[in-house]
Amino acid sequence: MAVRNITILGSTGSVGISTLDVVARHPDRYQVIALTANKSTGKMLEQCRIFRPLYAVMLDPTSAENLRTEIGKDGIKTEVLCGIESLEKVASLPEVDIVMAAIVGAAGIRPTFAAALTGKHVLLANKETLVMAGHIFMNVVKENHATLLPIDSEHNAIFQSLPREFTGDHTKTGVRRILLTASGGPFRQTSLADMEHVTPEQACNHPNWVMGQKISVDSATMMNKGLELIEAHWLFDAAPEQIQVVIHPQSIIHSMVEYIDGSVLAQLGNPDMRTPIAHALAYPERIESGVAPLDIFKVAKLDFEAPDFSKFPCLRLAYKALASGGSAPAILNAANEVAVEAFLKSRIPFTTIPILIEKVMEAIEPKDIFTLEDVLIVDNLARKAAYGWINSEGIDS
Ligand code: NAD
Ligand code: MG
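Right, let's get into the overall build of the chain. Scanning the chain from terminus to terminus reveals 18 helices and 11 strands. Relative to its full complement of 397 residues, the chain shows a buried share of 57%. Residue pairs in contact within the chain that sit at least 24 positions apart in sequence constitute 71% of those at least 6 positions apart.

Our next topic: the site of ligand 1. Close to ligand 1 lie 24 residues, the nearest being T12, S14, N38, E128 and G212. Backbone polar atom of G10 to an oxygen atom of ligand 1: 3.3 Å apart, as the coordinates give it. N38 places a main-chain nitrogen or oxygen 2.9 Å from an oxygen atom of ligand 1. For the shell around ligand 1, the elements supplying multiple residues, two or more each, are helix 1 (14-24) and helix 6 (127-143). Looking at the shell around ligand 1 residue by residue, the classes come out as 12 nonpolar, nine polar and three charged. Counting only domains with at least three residues in the shell around ligand 1, you end up with domain 1 (4-150) and domain 2 (153-270 + 304-310).

As a further point, take the coordination of the magnesium ion (ligand 2). Taken together, the protein ligands of the magnesium ion (ligand 2) are D152 (OD), E154 (OE) and E228 (OE), with distances of 2.1 Å. Sequence positions of the donors to the magnesium ion (ligand 2) reduce to the motif D-x1-E-x73-E. We note that D152, like E154, is buried.

Turning our eyes to something else, we now look at the domain arrangement of the chain. The assigned domain composition of the chain is domain 1 (4-150), domain 2 (153-270 + 304-310) and domain 3 (325-397). In this assembly, 18 residues from domain 2 lie in contact with 14 residues from domain 3. Scanning the region where domain 2 abuts domain 3 turns up zero salt bridges. Scanning the region where domain 2 abuts domain 3 turns up two residue pairs in polar contact (both at pLDDT 80 or more). Looking at the side of domain 2 that touches domain 3, the elements with two or more residues in it are helix 9 (192-195), helix 10 (200-203), helix 11 (213-221) and helix 12 (223-236). The greatest single-element share of the side of domain 2 that touches domain 3, amounting to six residues, is contributed by helix 11. Class assignment of the residues belonging to the side of domain 2 that touches domain 3 gives a composition of 12 nonpolar, three polar and three charged.

This brings us to helix 5 (residues 109-117). The buried fraction of helix 5 amounts to seven of the nine residues, a majority that puts the element mostly inside the structure. All buried positions along helix 5 are accounted for by I109, P111, T112, F113, A114, A115 and A116. Where helix 5 ends, the next residue or the one after it, G119, has phi of about 70°, a positive value.

This part covers the pattern of salt bridges. Two side chains bearing opposite charge may form a pair once their charged atoms approach each other closely. This structure, assessed with the given rule, holds 23 salt bridges. In this structure, R25 and D21 form a salt bridge, with 2.9 Å as the shortest nitrogen-oxygen distance. The class for D21 is partly exposed, based on a relative accessible area of 28%. Between E128 and K214 there is a salt bridge, with the nearest N and O atoms lying 3.0 Å from each other. Residue E128 is located in helix 6, and its partner K214 is located in helix 11; the two are separated by 86 residues in the primary sequence. The structure contains a network of salt bridges with shared partners spanning K127, D152, E154, K225 and E228.

Here the structure, examined in full by the defined rule, presents five aromatic pairs. Where F343 meets F350, the ring centres are 5.4 Å apart and the plane angle is 65°; that geometry is what we call edge-to-face. By the burial criterion, F343 is buried, and F350 matches it. Grouping aromatic residues by their ring pairs yields a cluster made of F187, F343 and F350.

The next thing to look at is the sheet that holds strand 8 (residues 175-182). Taking strand neighbours across the sheet as the criterion, the four strands line up as 9-8-10-11 in an open arrangement whose pairing is mixed. The outermost strands of the open sheet, each flanked by one partner alone, are strand 9 (243-247) and strand 11 (264-268). Here the strands of the sheet are splayed against their neighbours by 20° on average, with no regard to which way each runs. Pairing geometry for strand 10 (residues 253-259) and strand 11, over four bridges, is antiparallel.

Next up on the list: helix 2 (residues 41-51). Among the residues making up helix 2, those that are buried are T41, M44, L45, Q47, C48 and F51. Buried residues along helix 2 cover an arc of 165° about the axis, so they all sit on one side. Among the exposed residues of helix 2, those pointing more than 90 degrees away from its buried face are G42 and I50. Elements in contact with the buried residues of helix 2: helix 1, strand 2 (30-37), strand 3 (55-58) and helix 3 (61-74).

Cis geometry marks the peptide bond from Y283 to P284; its omega dihedral reads 5°. Here P284 lies in the loop between helix 13 (274-282) and helix 14 (296-299). Phi angles above zero are rare outside glycine, and R52 is one such case at about 45°. With respect to the helices and strands, the residue R52 is situated in the loop between helix 2 and strand 3. Its identity as a non-glycine residue notwithstanding, S251 has a phi of 50°, on the positive side. Looking at the secondary structure, you find S251 in the loop between strand 9 and strand 10.

Looking now at a nonpolar patch on the surface. A cluster of nonpolar side chains, namely L268, I296, F297, L302 and F304, defines an oily patch on the protein surface of about 510 Å² accessible area. Looking at the secondary structure, you find F304 in the loop between helix 14 and helix 15 (313-324). Among the residues examined, F304 registers a relative accessible area of 42% and is labelled partly exposed.

Scoring rules and cut-offs
- Residues numbered from 1 in each chain as written.
- Chains lettered and ligands numbered in written order.
- Predicted model: local features only at pLDDT ≥ 70, side-chain atom pairs only at ≥ 80, totals over all residues.
- Heavy atoms only, no water.
- Helix = DSSP H or I, 4+ residues; strand = E, 2+ residues; numbered from the N terminus.
- Buried < 20%, exposed > 50% of the residue type's maximum accessible area, 1.4 Å probe, protein only.
- Contact = heavy atoms within 4.5 Å.
- Near = heavy atom within 4 Å.
- Polar contact = N/O pair within 3.5 Å; in protein donor to acceptor, adjacent residues only side chain to side chain.
- Nonpolar A, V, L, I, M, F, W, Y, C, P; charged D, E, K, R; others polar.
- Domains from an automatic or database assignment.
- Donors = N, O, S within 2.8 Å, 3.2 Å for Na, K, Ca; no water.
- Salt bridge = Lys/Arg side-chain N within 4 Å of Asp/Glu carboxyl O.
- Phe/Tyr/Trp six-rings, centres within 6.5 Å; stacked < 30°, edge-to-face > 60°.
- Pairing = 2+ DSSP bridges.
- Axes fitted to C-alpha atoms, helices over the stretch in contact; angles between N-to-C directions.
- Arc of directions from axis to C-beta.
- Patch = residues over 30% accessible without salt bridge, like charges linked within 9 Å, V, L, I, M, F, W, Y side chains within 5 Å.
- Areas by Shrake-Rupley, 256 points an atom, 1.4 Å probe, with all protein chains shown as cover.

Next comes the structure, spelled out in structure tokens:
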């Protein structure tokens, strides 16, 4: 079997660490070419010691300098680079076959595009790329013969439940609907009044998944499901009305596909990202992931509920952005990133997150977008509007 070369963007994060865990189980299959991070020098040094990549990229120059010094002391041959151009470089190296796109937020969009532009197997965890630039990114994938494999557990489950010959034309494959499952997050049973006072620590305490801070807050507001709705729309060419969000608190079914003959296919498993990661790494083969087998008797019971849009306005805002089209999802995404960051710094209460996003969506008229540059301009504009709003009105008294 030919060894496949891999770059992991965001290797020190939650998805990055899970990816290296799976890769380490298959040294005969995968060779790590490059690892990247923002500032976590300690974790990166540890990963370089184990995986000996050709390149380690730190976005932050000071962190790169520190890493270079430490790596030098160890006598490791890894070349240390910094900056966004280096992230793009390691995502598009000719010897790289697979790129795991696991940087969090809009920061991941340029290197993810670089991977697609050079026709890689793109393992997409960075859902923000599709939210911000859905049709542009899907065209880049198609034009450059890249292979796009979803890592988000729900989208990976949908991918697995669709027919192998799926081409995006639902009329040919008999797909009626996608059932996008959501755990409901830590505040599923919290009253709206109590949500006013939740702390960043409570918001990051997800009942079923251990994840980075940003996606944890997104899960608590249910913006994560909103972003995933937009992600599913682009990945599977599904109209918004073909995607039904289903609250499923146990997170055992990771999503379902309903067919016109009444069949509903689901993918089940323990909530552990190593399953979708292993699936996408080896696709179309199957490999060991380290995930414990599902004990169906212990699970015993699976519950389903309809989503509550009044308690989780972020979900409504995502539907609205998708319906508006053009730059509206990029505006939603940028405002959300600023709002989540402000909440994590205790500058705004939890319940102000959707208020701020809606203000920014109202303030900026959505426009058609054609290029990545158009998207980045909109992203910047929406961030400025969001910071402006926080500075004038949003500070928690
Ligand atoms: P995380 O915060 O744990 O890790 C983020 C990684 O990106 C780190 O390596 C960090 O150093 C790097 N990074 C952060 N800011 C950066 C910047 N400005 N430039 C370059 N690198 C930067 O995040 P995560 O939870 O692993 O999530 C990563 C992505 O995967 C997100 O888009 C998230 O929505 C998606 N995702 C995560 C999970 C999960 O279980 N964690 C599940 C589904 C999808
Ligand atoms: Mg998900």
